[in-house]
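Overview (structure and organization)
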Amino acid sequence: MSSDLAFALRGVGAVVGRNFALRDVSFELPTGYVMGLVGANGAGKTTIIRCLLGLREIDTGEIELLGHRVPAPADLRQDVGVVLDHAFLVGDWRLTEVERALRPFYPRWDGARYRQLLDEFGLDLRAKVKDLSRGMSMKLMIAVALSHQARLLLFDEPTSGLDPVARDELAGIIGDFLLDEGHSVLYSTHITADLDRIGDYVTLVHNGRIVRTGTKDEILDAYRVVRGGPDDLSGLVGVELIGARRTSSGTEALVRTEEADLLGGDVLVEAPTLEAIAVHIGARAPRPEPRPLSTGRIA
Amino acid sequence: MRVVLSNSTGVPLYQQIKEQVGTAILAGELAEGSALPSVRALARDLRISIITTTRAYTELAAEGFIATVPGKGAYVLALDSALVREQLLRQVEDGLQTALDAAGRAGLDRDGLVQILDGLIQAERQDTIQ
């Protein structure tokens, strides 16, 4: 177990229901950095976070979290702060009651810090959880995590449904948190713009598998966007067109950088954005047939 | 310390930071011993990744502009004479390139150019003798 790693998943497999499974999921985050976990809805991001937290059993492989093997000792709970896309707190609680309810679970709970953070975030102690806006309830969850002095923050889709101002505030809060070199952040998102600037590492997930993981620049260097006329990008040998989109006027696709040299001169080859990478990888394989609504669950 | 990043120049962010800080040091705007923000504080303030600011500082340190102190921050080093010399050499090169471009437009060949240069050197020598 290495203390240089915030967490590591090694060969993790987990079957989730009949239609979905994580397969051979391996990636790690060095302590002190932000990683974005990027993938379409249903790619497996939330499942990966649940496995990391020990909330879901894994069938194969192993997970290391802050130097401990998962399932980790119970008191590691206070070292990990979780910010989900919905508040996990009781709607009728006032923010003072939130503290009273959570404090017993966290020996290191810092009440003064909680009040100071709520003040900083513009949250009223007398407000009720259910009356908070999307951005405010996210800030509340962050305040809770920072009050029990978490070293690792896990965000599940923190910015979906947030306005641009709140997203920028979040980037600032994460920046403040990372002033401490012992702090790390994992951040699942399908909004890649959040990561274009503050992301140190990026892991691409698709259909329960890791497509690629590395520093943001390594990921951006690994792919090229190619565009050509309707007939330019067909019958290619040795080049995989990832998530090709064909229309009557042309074709656009993602290719691995080392394969881009094999394309003819008529094709436009450009450096990608994270968004282009996410879009084409997300469109790579046909999605599984949606199940009937009556039995479907929201992934 | 002043750092203004552009998202549209195509110049990598770390490069922009490195150039702006380096220029400020050479111009004397950042004096020897001045404290710079830590890589993490700079990343937070500019809303960019820590890897980016770390790379900028690492390269500035490698070129002798700054020293970084783990966990504390960074400060400006005394301008190294070798570094200053390198900058001067670059200026000479730039000046000669400008001359070369003008010579090209004037249709001047190598011998003509060397003649002018020799003339200039001689004039300078006479100035110092007098």
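Note that this is a predicted model, so its numbers are computed, not measured. (Residues numbered from 1 in each chain as written. Chains lettered and ligands numbered in written order. Predicted model: local features only at pLDDT ≥ 70, side-chain atom pairs only at ≥ 80, totals over all residues. Heavy atoms only, no water.)

Regarding the nonpolar core
General note: in soluble globular proteins, nonpolar side chains tend to be found buried as a group. Core analysis: the biggest nonpolar cluster contains 85 residues, and F7 and L140 of chain A have the highest contact counts within it. Among the elements that make up this core, the one with the highest residue count is helix α4 (residues 134-147) of chain A (8 residues). Looking at which domains feed residues into this core, each of domain 1 (5-206) and domain 2 (219-282) of chain A supplies at least three. Not counting residues up to four positions away in its chain, the partners in contact with F7 of chain A are F27, E28, L29, M35, L52, E64, L65, L152 and L186 of chain A. Within the second largest apolar cluster, 20 residues are counted, among which are A24, I25, L60 and A74 of chain B. (Core = buried A, V, L, I, M, F, W, Y, C linked by side-chain atoms within 4.5 Å. Buried < 20%, exposed > 50% of the residue type's maximum accessible area, 1.4 Å probe, protein only. Helix = DSSP H or I, 4+ residues; strand = E, 2+ residues; numbered from the N terminus. Domains from an automatic or database assignment. Contact = heavy atoms within 4.5 Å.)

Section: the sheet that holds strand β1 (residues 35-36) of chain B
Residues and elements named next belong to chain B. Read from one edge to the other, the open sheet built from 3 strands follows the order β1-β3-β2, with strand pairing classed as antiparallel. The sheet is open, and its two borders are formed by β1 and β2 (66-69), each paired with just one other strand. Lying on the sheet, helix α3 (residues 50-62) is in contact with β1, β2 and β3 (73-76); it crosses β2 at an angle near 125°. (Pairing = 2+ DSSP bridges. Axes fitted to C-alpha atoms, helices over the stretch in contact; angles between N-to-C directions.)

A closer look at the pattern of salt bridges
All names here are of chain A. All told, the structure shown has 23 salt bridges over all chains when counted by the stated rule. Across the pair R10 and E62 runs a salt bridge whose closest N-O atoms are separated by 2.8 Å. Residue R10 is located in strand β1 (residues 5-16), and its partner E62 is located in strand β4 (residues 60-65); the two are separated by 52 residues in the primary sequence. Classification of R10 by relative accessible area gives partly exposed; the value is 32%. Measuring nitrogen to oxygen at the nearest pair gives 2.7 Å for the salt bridge that ties K130 to D92. Residue K130 is found in the loop between α3 (111-120) and α4, and its partner D92 is found in the loop between β6 (80-83) and α2 (95-102); the two are separated by 38 residues along the sequence. By relative accessible area, which is 51% here, K130 ends up exposed. Overall, D92 belongs to the partly exposed group, its relative accessible area being 46%. One salt-bridge network, held together by shared partners, links R10, E62, E64 and R69. (Salt bridge = Lys/Arg side-chain N within 4 Å of Asp/Glu carboxyl O.)

Considerations on the pairing of β3 of chain B
Note on strand geometry: in a regular strand, side chains alternate between the two faces of the sheet. Residues and elements named next belong to chain B. Where β1 and β3 come together, 2 bridges link them in antiparallel fashion. Bridged to L36 within β3 is A74. Looking at chain direction, β2 and β3 are connected through 4 bridges and run antiparallel. Of the residues in β3, the one forming a bridge with I66 is V76.

Things to note about the pairing of strand β7 (residues 152-156) of chain A
All names here are of chain A. Counting buried positions along β7 gives 5 out of 5 residues, so the element sits mostly inside the fold. Covered by surrounding structure in β7 are L152, L154 and D156 together with L153 and F155, the residues of both alternating faces. Inspection of the sheet shows β7 paired to strand β8 (residues 184-189) by 5 bridges, in the parallel sense. Along β8, the bridge assignment pairs F155 with Y187. Read as a crossover between parallel neighbours, the route from β7 over helix α5 (residues 164-177) to β8 is right-handed. (Right-handed = clockwise from strand over helix to strand, strands pointing away.)

As for the sheet that holds β1 of chain A
Residues and elements named next belong to chain A. The 4 strands are arranged β2-β1-β4-β5 in an open sheet whose pairing can be described as antiparallel. Across the chains shown, the open sheet's two edge strands, defined by having one partner strand only, are β2 (20-30) and β5 (68-69). Judged from the 5 bridges that link them, β1 and β4 form a sheet pairing that is antiparallel. Residue pairing across strands places R10 opposite E62, the latter belonging to β4. Running at roughly 65° to β2, helix α1 (residues 45-52) makes contact with β1, β2 and β4 of the sheet.

Brief notes about the interface of chain B and chain A
Put simply, an interface is often sized by how much accessible area is lost when its parts join up. The interface of chain B with chain A comprises 12 residues on the first partner and 18 residues on the second. Inspection of the chain B/chain A interface yields 2 salt bridges. With its nearest N and O atoms 2.7 Å apart, the salt bridge here joins R44 of chain B to D176 of chain A. Within the residue set of the side of chain B that touches chain A, elements represented by two or more residues are α2 (39-46) and α3 of chain B. By residue number, the principal contributor to the side of chain B that touches chain A is α2 of chain B, which donates 4 residues. Of the residues that constitute the side of chain B that touches chain A, the class distribution is 6 nonpolar, 3 polar and 3 charged. (Nonpolar A, V, L, I, M, F, W, Y, C, P; charged D, E, K, R; others polar.)

Quick notes on the packing of α3 of chain A against α4 of chain A
Residues and elements named next belong to chain A. Where α3 meets α4, the axes come as close as 9 Å, and the angle between the chain directions of the two elements is 150°. Taken together, the axes of α3 and α4 are roughly antiparallel relative to one another. Considering only the axes of α3 and α4, their crossing is right-handed. Side by side, α3 and α4 meet where R113, Y114, L117 and L118 of the first sit next to L140, A143, V144, L146 and S147 of the second. Of the residues assigned to the contact of α3 with α4, the class counts are 7 nonpolar, 1 polar and 1 charged. (Parallel < 35°, antiparallel > 145°, perpendicular 65-115°, else oblique. Left-handed = near helix turned anticlockwise from the far one by under 90°.)

Points about the confidence of the model for chain A
Taken over all residues, the pLDDT of chain A has a mean of 88, while the share at 70 or more is 93%. Within the model, the stretch residues 289-299 of chain A combines pLDDT values under 50 with 5 contacts to residues more than four positions away or in other chains. (pLDDT = per-residue confidence, 0-100.)

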